[in-house]
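Remarks on the overall topology
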Amino acid sequence: MVPKSAEMSAEQRGRRYLTERFDELAERYKRDGEVFSLILCDMDSRGCECEDRLLICLRDRLASYCRETDIVARWNGDEFLLLLP
């Protein structure tokens, strides 16, 4: 089992990477008009005994539907952001 502190640091790393990529894509949009999508998925998993396993399964499922260029990141607790360039 991964300690909560390690999970938080993984979540923070994902958040930082996604934010950096978002900034890059926003600049490309301003410069070249190249569009992208940002999708927020919020799982209301509070109170679920298997919350961590559920969130890992959700992350893996979302990633399985994405292209190699797409980014799936855990954003905050049970929220995921998908960045689709």
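Residues numbered from 1 in each chain as written. Predicted model: local features only at pLDDT ≥ 70, side-chain atom pairs only at ≥ 80, totals over all residues. Heavy atoms only, no water.

Here the focus is the confidence of the model for the chain. This prediction gives the chain a mean pLDDT of 82; 81% of its residues lie at or above 70. Counting contacts from residues 1–5, a segment whose pLDDT is below 50, to residues more than four positions away or on other chains yields 2 contacts. (pLDDT = per-residue confidence, 0-100. Contact = heavy atoms within 4.5 Å.)

On to the packing of aromatic side chains, then. When we look at a pair of aromatic rings, we describe it by the centre distance and by the angle of the planes. Counting across every chain of the model gives 1 aromatic pair. Ring centres 5.6 Å apart and planes at 85 degrees place the aromatic pair Phe22 and Phe36 in the edge-to-face group. In this pair, Phe22 sits in helix α1 (residues 4–32) while Phe36 sits in the loop between α1 and β1 (37–42), placing the two residues 14 residues apart along the sequence. (Phe/Tyr/Trp six-rings, centres within 6.5 Å; stacked < 30°, edge-to-face > 60°. Helix = DSSP H or I, 4+ residues; strand = E, 2+ residues; numbered from the N terminus.)

Turning to the sheet that holds strand β2 (residues 71–76), a few remarks are in order. Pairing within the open sheet is antiparallel, and its 3 strands lie in the order β1-β3-β2. Strand pairing shows two members of the sheet lacking a second neighbour, β1 and β2, which therefore form its edges. On average, adjacent strands in this sheet sit at an angle of 25 degrees to one another, irrespective of strand direction. For β1 and strand β3 (residues 79–84), the ladder comprises 6 bridges, and the chain directions are antiparallel. Looking across to β3, one finds that Leu40 is bridged to Leu81. (Pairing = 2+ DSSP bridges. Axes fitted to C-alpha atoms, helices over the stretch in contact; angles between N-to-C directions.)

Time to look at the pattern of salt bridges. Under the definition given, this model contains 6 salt bridges. Between Glu27 and Lys30 there is a salt bridge, with its nearest N and O atoms 3.7 Å apart. Linking Glu27 with Lys30, this pair stays in helix α1, spanning 3 residues, or about one helical turn. Residue class for Glu27 comes out partly exposed when judged on its relative accessible area of 44%. Lys30 gets classed as exposed once you look at its relative accessible area, which sits at 65%. (Salt bridge = Lys/Arg side-chain N within 4 Å of Asp/Glu carboxyl O. Buried < 20%, exposed > 50% of the residue type's maximum accessible area, 1.4 Å probe, protein only.)

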